[in-house]
Amino acid sequence: MAGSDEPASLSVAELESAIRDEVNRPRLQYALISDSGYWEMICSALDVIGDTALATRWYRHQMQERAEPGELYVLLYGILQILFVQQDAVSNLADALKIDNEINAALKEIRDLRNRSVGHPTKIGPGEGRAFNFITRRSMYRSGFDLLTISRDEEVVLTHVDVEKLIGQQEAELRKTLCRVLAKMRADEMEHRSQFRDSKLAALFSADLRYYFEKVEEAIEAESVAERESGVGMLDVIWDDLRRFRTALADRGILEAYNVEKDIEEIEYPLSELRLWFQDPEASKLNRADVLIFSAFARLRMGRLAGIARDLDRDYATDL
């Protein structure tokens, strides 16, 4: 399953993928989609985290150390903006999933360097505290550059911006946050599973379900009133199974998540029409062939629901 690797050993890209797997679990996904603002934020944040992880990996391992000044400006401006956007994406993801997150000193320093060098270099800071920044062109390499800062009072500071180091620091810090996000999501899912692990959904379906449908079909072919009435009794048993299953899924919060409500409604209709045909044939719009078809359809759909129940039981019995 998705949680087989230890989160602490995963890269940012791998953690993004693992969190995406958790988010796409039907129960959680349905809950998040119900609040569309959070769902859209989560989807956007995960895409951006994955995209920026690809970009930083390429920057560190594929780009040449030296390049033409124009190319270096594009790349250095770009990589610092990528780091800034990646931080925002991780923060927004945590917010959307209601997980506490705070930008620490190391990440704040990266944001500050981005703002001073490529974000707002020509004027940064309020009032008398304003400062003006210059990238020293001859110092530029893929791995970093020198940043000259002159304050309003003409104080001059030269800072070496080590881009390689910033990328490594940010990955280490964001991995910690993403590990907390993943661990919290997995813990919530396991708490939910443990709550219902011993309540088997498959046990809600009668072991003799096939027999009950056979008796319904025998009653359809019968001539006597008593034999017809026995068909109604068999339908009652099938109805009870269906109602118990619906209630159990609702209790787990997964009725809508697995789109089972639609399947249940599609079974309820033929069952109600069969009941009417047994109890008041004159009021029914169905003939004998119709009710046989309705019974066969309900039997197939009930078998499908029983299969879903078995699959869910296996899922709930599995650790992440």
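As a reminder, the structure under discussion sits directly above these lines.
First, a word on scope: everything that follows refers to the structure included in this document. (Residues numbered from 1 in each chain as written. Predicted model: local features only at pLDDT ≥ 70, side-chain atom pairs only at ≥ 80, totals over all residues. Heavy atoms only, no water.)

## As for the overall build of the chain
Phase 1 of the analysis: Helix and strand content of the chain: 10 helices and 3 strands.
Phase 2 of the analysis: In terms of C-alpha radius of gyration, the chain reaches 31 Å, well past the compact-globule figure of 20 Å for 320 residues.
Phase 3 of the analysis: Expressed along its principal axes, the backbone C-alpha trace of the chain runs to roughly 105 × 35 × 35 Å.
Phase 4 of the analysis: The buried share of the chain, reckoned over its 320 residues, is 42%.
Phase 5 of the analysis: A separation threshold of at least 6 residues defines the contact pool for the chain, and within that pool the share at least 24 residues apart is 68%. (Helix = DSSP H or I, 4+ residues; strand = E, 2+ residues; numbered from the N terminus. Rg over C-alpha atoms; globule rule 2.2 N^0.38 Å. Buried < 20%, exposed > 50% of the residue type's maximum accessible area, 1.4 Å probe, protein only. Contact = heavy atoms within 4.5 Å.)

## Topic: the packing of aromatic side chains
Phase 1 of the analysis: The tally for this structure, following the rule as stated, stands at 5 aromatic pairs.
Phase 2 of the analysis: With 6.5 Å between their ring centres and 70° between their planes, Tyr 73 and Tyr 77 make a pair best called edge-to-face. With a gap of 4 residues between them, Tyr 73 and Tyr 77 both fall in helix α4 (residues 69–96), about one helical turn apart.
Phase 3 of the analysis: Given a relative accessible area of 36%, Tyr 77 falls into the partly exposed group.
Phase 4 of the analysis: Ring centres 6.0 Å apart and planes at 50° place the aromatic pair Tyr 269 and Phe 294 in the tilted group. Highlighted residues: Tyr 269 in helix α9 (residues 260–279) and Phe 294 in helix α10 (residues 288–316), separated in sequence by 25 residues.
Phase 5 of the analysis: Directly above the ring of Tyr 316 sits Arg 252, whose terminal nitrogen or CZ lies 4.6 Å from the centroid. (Phe/Tyr/Trp six-rings, centres within 6.5 Å; stacked < 30°, edge-to-face > 60°. Lys NZ or Arg CZ within 6 Å of the ring centre and 35° of its normal.)

## Section: the pattern of salt bridges
Phase 1 of the analysis: Enumeration over the complete set of coordinates arrives at 27 salt bridges.
Phase 2 of the analysis: One salt bridge in this structure joins Glu 189 and Arg 27, with 3.1 Å as the shortest N-O distance. Linking Glu 189 in helix α6 (residues 163–196) with Arg 27 in helix α2 (residues 26–33), this pair joins segments that are 162 residues apart in sequence.
Phase 3 of the analysis: Judged by relative accessible area, which is 9%, Glu 189 ranks as buried.
Phase 4 of the analysis: Given a relative accessible area of 24%, Arg 27 falls into the partly exposed group.
Phase 5 of the analysis: Salt-bridge contacts for Arg 304 lead to Asp 263; the nearest nitrogen and oxygen are separated by 3.7 Å. One end of the pair, Arg 304, is in helix α10; the other, Asp 263, is in helix α9, with 41 residues separating them in the sequence. (Salt bridge = Lys/Arg side-chain N within 4 Å of Asp/Glu carboxyl O.)

## Concerning the sheet that holds strand β2 (residues 144–151)
Phase 1 of the analysis: The strand order across the open sheet built from 3 strands is β1-β2-β3, with neighbouring strands paired in antiparallel fashion. In this open sheet, the two edge strands, each paired with only one partner strand, are β1 (131–135) and β3 (156–162). Here the strands of the sheet are splayed against their neighbours by 25° on average, with no regard to which way each runs.
Phase 2 of the analysis: Against the sheet, helix α5 (residues 105–119) makes contact with β1, β2 and β3, and its axis sits at roughly 85° relative to β2, the strand it touches most.
Phase 3 of the analysis: Across the sheet, α6 touches β2 and β3, and the angle it forms with β3 is around 65°. (Pairing = 2+ DSSP bridges. Axes fitted to C-alpha atoms, helices over the stretch in contact; angles between N-to-C directions.)

The values are spatial; any link to function lies outside them.
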